[in-house]
Structure formats: structure tokens, C-alpha cells
Amino acid sequence: MKTVMKPASAICAALLVAGIGYGAHAAQKTHEDARDLSALSQAKISLSQAVTAAEQETGGKALSADILQENGKVAFGVEVAKDKATETVVVDAASGSVVKRHVAQGDAEEQEDNDAE
């Protein structure tokens, strides 16, 4: 005899699976937020200062910014738009200097590493 799951049972099962997945995602997000707060407390410059440095370096306008770890150091990653292209600029959170630029140009990508350390 074939077992047929009633629609209500199927919905409950789907919600249970989704809830478990969401719980795992929420726990991961909480861990990432704690890591970011810890990294931010180590920064010597503000996010605003990092955005200004990235905009001055590229001549573009910031679209978004995030804190990250770059070669074991705390840094800010700033996505900047200029001339129909986007570029990610990595700003050292201790010195405020630009340490890396990554330009995305359509399918071709070019990367410039600045040895500002």
C-alpha cells in the first residue's frame, strides 16, 4: 500500500526543515557579527575614514563597505563605482592606507596590489 502524505503534513514537514535551516543560518550570522565587532574594535580608523580613503584613491563613489581580515590584519573592503566599472579597495584599518585594489571590467579583471605596508 502506498503512503500518501496529506498536504497539511507536507507543509508542516517543509516548515520544520526550513526552520532548522534558518536556525543554523542565524547561528552562523551571529558568529559572523561577533567576529566583525571584534575586528572593528581593533580598527584605528573609522569606516567613514576608510570610505573617504577609497574614494580619494579611485576618484569614484563608494557603493558599500565591510570589515574584513586581509593577510591576518583588520581591514575595510570598500566597493567603489567609477566610469561604469566597480572596484574593490582594501584599506588597512590601522594605518588608513590603501593596500589593495581589485578592478572588475566586464569579463576581464585586473588586480593591482599596492605595497603600502
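Residues numbered from 1 in each chain as written. Predicted model: local features only at pLDDT ≥ 70, side-chain atom pairs only at ≥ 80, totals over all residues. Heavy atoms only, no water.

Caption draft 1: Summary view of the overall build of the protein chain. Counting secondary structure elements, the protein chain contains 2 helices and 5 strands. The order of helices and strands in the protein chain, counted from the N terminus, is α-α-β-β-β-β-β. In the protein chain, which comprises 117 residues, the share counted as buried stands at 24%. Here the protein chain has roughly 8,200 Å² of accessible surface; of this, 56% comes from carbon and sulfur atoms. (Helix = DSSP H or I, 4+ residues; strand = E, 2+ residues; numbered from the N terminus. Buried < 20%, exposed > 50% of the residue type's maximum accessible area, 1.4 Å probe, protein only. Areas by Shrake-Rupley, 256 points an atom, 1.4 Å probe, with all protein chains shown as cover.)

Caption draft 2: Representation of the side chain of Asp92 in the model. Structurally, Asp92 is set in strand E3 (residues 85–92). For Asp92, the side chain forms a polar contact with the main-chain nitrogen of Ala94, separated by 2.7 Å. For Asp92, the residues in contact, after removing those within four places along its chain, are Ile45, Lys73, Val74, Ala75, Ser97 and Val99. (Polar contact = N/O pair within 3.5 Å; in protein donor to acceptor, adjacent residues only side chain to side chain. Contact = heavy atoms within 4.5 Å.)

Caption draft 3: Just the environment of Glu87, in detail. Residue placement: Glu87 occurs in strand E3. Distance from Glu87 to Gly60, taken between C-alpha atoms, is 9.0 Å for residues 27 residues apart in sequence. Aside from chain neighbours lying at most four places away, what touches Glu87 is Thr58, Val78, Glu79, Val80, Arg101, His102 and Val103. Polar contacts involving the side chain of Glu87 include one to the side chain of Arg101, which spans 2.4 Å.

Caption draft 4: Geometry of the confidence of the model for the protein chain. Confidence in the prediction of the protein chain, expressed as mean pLDDT, is 75, and 57% of residues score 70 or more. Across residues 107–117, where pLDDT falls below 50, the model places 22 contacts with residues more than four positions away in sequence or in other chains. (pLDDT = per-residue confidence, 0-100.)

Caption draft 5: Layout of the nonpolar core. Within the largest apolar cluster, 15 residues are counted, with the highest numbers of intra-cluster contacts made by Ala54, Phe76, Val89 and Val91. Listing elements by their share of this core, those giving two or more residues are helix H2 (47–58), strand E2 (73–82) and E3. Among all residues touching Val91, those that are not within four sequence positions of it are Ile45, Ala50, Ala53, Ala54, Ala75, Phe76, Gly96, Ser97 and Val98. (Core = buried A, V, L, I, M, F, W, Y, C linked by side-chain atoms within 4.5 Å.)

Caption draft 6: Geometry of the pairing of E3. In terms of burial, E3 is a largely internal element, 6 of the 8 residues being buried. Judged from the 8 bridges that link them, E2 and E3 form a sheet pairing that is antiparallel. Residue Val80 lies in a different strand from E3, and its bridge partner there is Glu87. Between E2 and the antiparallel strand that follows it, E3, lie 2 residues; Asp83 among them carries a positive phi value of about 50°. (Pairing = 2+ DSSP bridges.)

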